[in-house]
Each structure stands twice: as C-alpha cells, then as structure tokens.
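The residues making up each chain are set out below.
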Amino acid sequence: MEVRDLDCLYEPCPIPLIKAIKELKTLNSGDILVVHSDQSCVGAVIVEWAEQNNYPVKLVETNVGEWEVYIQKP
Amino acid sequence: MVSNEIDALVRKRCGPEKVNKKSQISYAVIILIIASIISVILWINNHVYAAFWIIGIALGMVLRYSRFCFASAFRDPFLIKNTKLMRALLLSFMVSTIGFAVIQNVYLNHNAIDYALIPGAVFPVGLHTAIGAFIFGIGMTNAGGCASGVLMRIGEGHVLPWITLLGFFIGTTLGAKDYSFWYDKIISKANVFYFPEHINLGVVVMVQMAVLIGLYKLAAWYQKKNGRIEDYEGRILWR
C-alpha cells in the first residue's frame, strides 16, 4: 500500500480537486492519497466528490486553518 | 465512508488524540467587541449604516459556515457533475421571488411604475447582460470566488483573495471608464421589460416559480444520473 502526499497549500478551489483526480489516476487500488490544503472549501468539495464517486475519504483538520484529506483508491 | 486503512494512517500520523490546536476564542472575543463598538458608532451617526454593518456580518458568517459559494454553484455541475449548490441557489431564487412579489405588490398598490424607485433591480436587459455575465464567469472561476466569496475568504484569513480584490477595483474602474462605450452601442438600445406592466403580477410569479421548479427538477435529475442524492441531513436517498 503506497501513501502519497499532495501539497496543495495556497492553491485556491478547485485546483486541488483537479490535481487530486489526476494523481488518483496514477495510483493503484488500495493506495492512499493525502491532500494538504489550507482552504476550508477544498476539503468540503473533495469529500463531496469522493463520496459521489464511492472513494473512501476522511477530512482531518490537523491545525487551525490546515486540512488533510485522505482518499483511498477503491 | 471511511476505510480502516485510512483510520490507521490518520492515527499513525496525528497521534491518538487530536493535535493540540491553539484556541482562537480570545481573538473572536476581541473582534466581537470591536464589531460591537463600530456598530454603536454607526448607530449614533446613521441607523441605516448600522443595519448594513450587522446584516453584512451576519451574511458573511452564513456564507462561511454553510460554505456557500456562488462560483462553486455554477462550476461544480460542469467540473464534478454535482448540482447540490446549484439547487440551493435555485431554492434561494424561489424564496426571493415570493419575497419580492410581496414587496413589489405593496409598492405597486400605492405608487405608479417608475423603474428607478421600484424595490429590486429593474434594468434594461440585452446583449450586454450576456457579455457581462460571460466575462464575469471567466474571472470568477479563475479567481476561485465571486465578490461575496472573496470578501468571505478575506475575513477567514486568506491572503490570496486580497489580490483578487485588487483585481476587482481595477476591473470596476476600467468598467466605469468604458461605460459610455457600452451605453452608446448596446444599453441605450435595450429595453426595460417589467412584467407587471403587461400582465398580472400573480401570473408572473406563478410562471417564474414554475420555471425555477423545472430547473430544480432538471438539476436533481442531472445529479441522480451522475451519482447520488442526499436529504438535508446527509442521508442517501438515491444511489
């Protein structure tokens, strides 16, 4: 199981989501992608997209104003 | 939906309990006190400004906590085939349709029709509306937010929207400079079309509600086709 980090700090919505979708295509089944973001909307929009497409997903606020979105490729 | 592997990874990275975040309640109290002082000063000088100040802050908080974003509402149907915010926007249009119908009905019962005085924006519609909407749409998607979204993010503490705000000032200044061009070419030839002049206000409201409900059904159908649909508590109704 590979864990890949995707640095999307300072990137406005919706760039992190587009980057995450591209990155997920290169991962294998079972791998986890961790998207780092400092925008509250980014987490919400990625969770929305992941749930709509049946990806296991979890949003963690690691610090004040900093989020990590964990997405697993099914 | 959370898998066990994600849970394990989160526990490994963040520790068993949440990372100790710095409490921001003291900042919130300070800002609340400053906002209250400003509203008192505004109330003494001009009651209307104080009302604008309080409604503005309330709207900003609603936008922040609901994560309501106009840019996202118009972008998501195309980008990720999600019409949740678009449907919320259509619902708010329905509410404002009824609200403005009541306000304008009261106004029209007592006054003659004068476009400048009717509550609500009554402006000429034409090609310039479409051109302006198209240009605004490009800018809105690139900047990651419309006017309200940018102001909300500045309040949230982001620095990037300050640059967008600067762009707003430059854009509106240029727009004001070129206004005479647009006015001469298009706006002066466009007509104001105010429905209550031609048909009964009640009929207009019914037609507008029917169109909005139709659009809502279309958006819900599009969402169903491409994913799933939830109720207001997040329960999945359809997958």
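Undergrad: Can you walk me through the state of the cysteines in this structure?
TA: As used in these notes, a disulfide is a covalent bond between sulfur atoms, one from each of two cysteines. For the coordinates displayed, the defined rule picks out zero disulfides over all chains. Here Cys69(B) is not disulfide-linked; the sulfur of Cys41(A) is the nearest cysteine sulfur, at 5.9 Å.

Undergrad: Could you clarify how one ought to interpret the side chain of Thr164(B) in this entry?
TA: Turning to its location among the elements, Thr164(B) is positioned in helix α8 (residues 160-177). Apart from residues lying up to four places away in sequence, Thr164(B) is in contact with Ala143(B) and Val150(B).

Undergrad: Help me understand the environment of Asn109(B) in this model?
TA: Position of Asn109(B) relative to the elements: it lies in helix α5 (residues 84-110). Separated by 30 residues in the primary sequence, Asn109(B) and Leu79(B) have C-alpha atoms spaced 46 Å apart.

Undergrad: Honestly, the nonpolar core in this entry has me stumped. Any pointers?
TA: Side chains that are nonpolar tend, in soluble globular proteins, to be buried together. In this structure, Leu24(A), Leu33(A), Val35(A), Ile46(A), Trp49(A), Val69(A) and Ile71(A) are the most contacted members of the largest nonpolar core, which totals 21 residues. Residue assignment for this core shows that the elements contributing at least two residues are α1 (15-26), β2 (32-37), α2 (40-52) and β4 (66-72) of chain A. At seven residues, α2(A) tops the list of elements feeding residues into this core. Residues contacting Val35(A), with those up to four places away along its chain left out, are Leu6(A), Cys8(A), Ala20(A), Ile46(A), Trp67(A), Glu68(A), Val69(A) and Ile71(A). Formed by eight residues, the second largest nonpolar core is a distinct cluster that contains Val60(A), Tyr70(A), Ile6(B) and Val10(B).

Undergrad: How should I be thinking about unusual backbone geometry in this particular structure?
TA: The bulk of non-glycine residues show a negative phi, and the bulk of peptide bonds are trans. Residue and element names in this part refer to chain A. Phi at Tyr10 is positive, roughly 70 degrees, even though this residue is not glycine. Relative to the assigned elements, Tyr10 resides in the loop between β1 (3-7) and α1. Tyr10 sits in the exposed class, given a relative accessible area of 69%. Unlike most non-glycine residues, Asn54 shows phi in positive territory, near 60 degrees. Tracing the chain through its elements places Asn54 in the loop between α2 and β3 (57-63). Residue classification places Asn54 among the partly exposed residues on the basis of a relative accessible area of 38%.

Undergrad: Whenever I open this one, the packing of aromatic side chains confuses me. Can you help?
TA: What characterises a pair of aromatic rings is the spacing of the ring centres plus the angle enclosed by the ring planes. Under the definition given, this model contains four aromatic pairs over all chains. When the centroid spacing of 5.0 Å and the interplanar angle of 35 degrees are considered together, the rings of Trp49(A) and Tyr55(A) count as tilted. Across this residue pair, the class does not change: Trp49(A) and Tyr55(A) are buried. Arranged with centres 6.0 Å apart and planes meeting at 35 degrees, the rings of Tyr179(B) and Tyr183(B) form a pair that is tilted. Taken together, the positions of Tyr179(B) and Tyr183(B), both in helix α9 (residues 179-185) and four residues apart, correspond to about one turn of that helix.

Undergrad: It is not clear to me how the pairing of β4(A) should be interpreted in this structure. Could you clarify?
TA: Residues and elements named next belong to chain A. Most of β4 is tucked away: six of the seven residues are buried. Relative to β4, β2 runs antiparallel, the two sharing six bridges. Pairing of Val35 across the sheet is with Val69, part of β4. Sheet topology places β3 next to β4; six bridges connect them, and they run antiparallel. Within the sheet, the bridge partner assigned to Leu59 lies in β4 and is Val69. Counting the residues between successive antiparallel strands, the hairpin from β3 to β4 contains two residues, one of them, Gly65, with a positive phi of roughly 75 degrees.

Undergrad: Just checking my understanding: could you explain the interface of chain B and chain A for this structure?
TA: Interface size, as often reported, equals the accessible area lost upon joining of the parts. Each partner contributes to the interface: chain B provides 35 residues, whereas chain A provides 35 residues. Along the contact surface separating chain B from chain A lie one salt bridge. Our count for the chain B to chain A interface comes out at five residue pairs in polar contact (both at pLDDT 80 or more). Of all elements in the fold, only α1 (4-14), α4 (70-79), α7 (147-156) and α10 (201-226) of chain B reach the threshold of two or more residues within the side of chain B that touches chain A. The greatest single-element share of the side of chain B that touches chain A, amounting to seven residues, is contributed by α1(B). Taken together, the residues of the side of chain B that touches chain A break down into ten nonpolar, eight polar and 17 charged.

Undergrad: What am I meant to see in the confidence of the model for chain B here?
TA: Residues and elements named next belong to chain B. Per-chain confidence: chain B averages 83 in pLDDT, with 91% of residues scoring 70 or above. Within chain B, the element-level pLDDT minimum falls on strand β2 (residues 236-238), averaging 52, and the maximum on helix α2 (residues 25-45), averaging 92. Per the prediction output, this complex has pTM 0.77; the corresponding ipTM is 0.78.

Undergrad: Explain the confidence of the model for chain A here, please?
TA: As a general rule, the predicted coordinates of low-pLDDT regions are not to be interpreted in detail. A residue-level look at chain A finds 100% of positions with pLDDT of 70 or above and a mean pLDDT of 86. The weakest mean pLDDT in chain A belongs to α2(A) at 84; the strongest belongs to β2(A) at 90.

Undergrad: Teacher, can you tell me more about α8(B) here?
TA: One full turn of an α-helix is made of 3.6 residues, so residues set three or four places apart face in the same direction. Residues and elements named next belong to chain B. Between the first and last C-alpha of α8 there are 26 Å, a value that for 18 residues agrees with the 26 Å anticipated at 1.5 Å per step. Of all the positions in α8, only Pro161, Thr164 and Leu165 are classed as buried. Projection of α8 onto a plane perpendicular to its axis shows the buried side chains occupying an angular sector of 100 degrees, all on one side. In α8, the exposed positions angled more than 90 degrees off the buried face are occupied by Trp162, Ile163, Leu166, Phe169, Thr173 and Lys177. Where α8 is buried, its residues touch α6 (127-143) and α7.

Rules used in this analysis
- Within each chain, residue numbers correspond to sequence positions counted from 1 in written order.
- The naming scheme follows written order: chains are lettered A onward, ligands numbered 1 onward.
- It should be noted that, the model being predicted, local features are given only for residues of pLDDT at least 70 and side-chain atom pairs only at 80 or more, the latter also being counted only at that level, while totals for whole chains, interfaces and linings use all residues.
- Side-chain measures here rest on the full set of heavy atoms in the structure, leaving out hydrogens and waters.
- Cysteine sulfurs are considered disulfide-paired once they come within 2.5 Å of each other.
- Secondary structure is summarised from DSSP: a helix means a run of H or I of at least four residues, a strand means a run of E of at least two, and numbering begins at the N terminus for each.
- In what follows, a contact means two residues having at least one pair of non-hydrogen atoms within 4.5 Å.
- Only buried residues count toward a nonpolar core, which is a set of Ala, Val, Leu, Ile, Met, Phe, Trp, Tyr and Cys residues joined through side-chain atoms within 4.5 Å.
- Partly exposed residues are those whose accessible area sits between 20% and 50% of the maximum for their type, while under 20% is buried and over 50% is exposed, using a 1.4 Å probe and protein chains only.
- The criterion for an aromatic pair is that two Phe, Tyr or Trp rings (for Trp, the six-membered ring) have centres within 6.5 Å, with stacked assigned to planes under 30 degrees apart, edge-to-face to planes over 60 apart and tilted to the rest.
- A pair of strands is treated as paired once DSSP finds two or more bridges between them.
- Whenever a carboxyl oxygen of Asp or Glu lies within 4 Å of a side-chain nitrogen of Lys or Arg, that contact is scored as a salt bridge.
- Counted as a polar contact is a pair of N or O atoms within 3.5 Å, where, for protein atoms, one must be capable of donating a hydrogen and the other of accepting one, and residues adjacent in sequence contribute only when both atoms are in side chains.
- Gly is put with the polar residues, along with every residue not named as nonpolar or charged; the nonpolar set is Ala, Val, Leu, Ile, Met, Phe, Trp, Tyr, Cys and Pro, and the charged set is Asp, Glu, Lys and Arg.
- Note on scores: pLDDT gives the predictor's confidence for each residue, bounded by 0 and 100.
- Expected helix span is given by 1.5 Å per residue-to-residue step, counting one fewer step than there are residues.
- Directions from the helix axis toward the C-beta atoms define the arc.

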